[in-house]
Amino acid sequence: MTRIDGHLLDPRRYPGPRQLSDHRQLADAGHSEARSRSDAFAALFDPTTFGHIESLGIGPGWRCWEVGAGGTSVISWLAKRVGPTGRVLATDLDTSWQTRAARSPLEVRVHDVAADPPPVEGFDLVHARLVLADVADRERALAAMLRALRPGGRLLVEEPDAELQPLACPDAHGPAQETANRLRHGVRALLAERGADPAYGRRLPRLLREAGLRQVESDVYFPLASPACAALETATLRQLGPDLAAAGLATPEDVEHHLANVATGGLDLATAPLISAWGRKGSA
């Protein structure tokens, strides 16, 4: 998946008009860029994700479902926390990121959360990061995740909200920053045309409450001026540059000039804020 503003675009994972951020319609790009994106997302968001899961009380014996895993950093961490008596199910439409056979307590399975029946296990934790904003039938996907929870189980959903902070360079003090912001606007326009919901993140607390979850809480993490922001920007623009040019949203010269600016390390780049929301399923 290619992600910008938290989005992944991947026709293999999310086929159809919605292919967005994945926060993965860019899936046909080279493996090195895909790896760069995966590493950047892990560097940017894993500490936030792990902190939330820790606060939810994860421990030995927990059964966890990682929806749209997209990589190994989260599921490896979960497997260590649940131990040999627990279980971690990682699902995705495309599991090519798996480089070795999964071993207990980890299982990797091809699965479409918006179309396939949910796993029948009652999970203690269901987690999705940078997934639902790019799914065509978000309501069905969220309902499937809720059904898979045991009574008292916890749901944690983390999605970007590009409309809360739409700029690549919030401190737009010069021509290089203005170019970055213009290209980010073009990328957002391109992704929205393909079905992305750039404001999905802010709706999460309400959606979880309306779904019947209890003790719903939420917070926001806003990365700025991180090396991982620059790595993500570079991988995304290298992949989306031709599409931007084809759509008349940028010229190849614009993209190359911006990438050269990113390479200097002088741009304070940002990603879209990541909104995390969590709650507990009521007893049956």
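Heads up: the structure comes first, above all this text.
The structure reproduced in this document is the subject of the present report. (Residues numbered from 1 in each chain as written. Predicted model: local features only at pLDDT ≥ 70, side-chain atom pairs only at ≥ 80, totals over all residues. Heavy atoms only, no water.)

1. Considerations on the packing of aromatic side chains
Going through the model one piece at a time under the given rule, you end up with four aromatic pairs. Aromatic rings pair up to connect Phe41, Phe45 and Tyr221 into one cluster. (Phe/Tyr/Trp six-rings, centres within 6.5 Å; stacked < 30°, edge-to-face > 60°.)

2. What about the packing of helix 4 (residues 175-193) against helix 7 (residues 252-263)?
Running from amino to carboxyl end, helix 4 crosses helix 7 at an angle of 125°, the nearest separation of the two axes being 10 Å. The angle between the axes of helix 4 and helix 7 places the two elements in the oblique class. For the element pair helix 4 and helix 7, the recorded crossing hand is left-handed. Contacts between helix 4 and helix 7 involve Ala176, Thr179, Ala180, Arg182 and Leu183 from the first element and Asp254, Val255, His258 and Asn261 from the second. (Axes fitted to C-alpha atoms, helices over the stretch in contact; angles between N-to-C directions. Helix = DSSP H or I, 4+ residues; strand = E, 2+ residues; numbered from the N terminus. Parallel < 35°, antiparallel > 145°, perpendicular 65-115°, else oblique. Left-handed = near helix turned anticlockwise from the far one by under 90°. Contact = heavy atoms within 4.5 Å.)

3. Observations regarding the environment of Gly70
Take Gly70: it is sitting in the loop between strand 1 (63-67) and helix 2 (73-82). Since its relative accessible area comes to 22%, Gly70 is described here as partly exposed. Between the alpha carbons of Gly70 and Ser96 there is a distance of 8.7 Å; along the sequence they are 26 residues apart. (Buried < 20%, exposed > 50% of the residue type's maximum accessible area, 1.4 Å probe, protein only.)

4. Topic: the sheet that holds strand 3 (residues 106-110)
Judged by pairing direction, the sheet is mixed, and its seven strands sit side by side in the order 3-2-1-4-5-7-6 without closing on themselves. In the strand order of this sheet, the two ends are held by strand 3 and strand 6 (214-221), each with one partner. Geometrically, the sheet is characterised by an average inter-axis angle of 15° between neighbouring strands, direction not taken into account. Pairing geometry for strand 1 and strand 2 (residues 87-92), over five bridges, is parallel. Paired with Val67 across the bridge in strand 2 is Thr91. Docked against the sheet, helix 3 (residues 138-147) engages strand 1, strand 4 (123-129) and strand 5 (149-160), running at close to 145° with respect to strand 5. Sheet strands in contact with helix 5 (residues 200-210) are strand 5, strand 6 and strand 7 (274-280), and its direction is about 5° off that of strand 7. (Pairing = 2+ DSSP bridges.)

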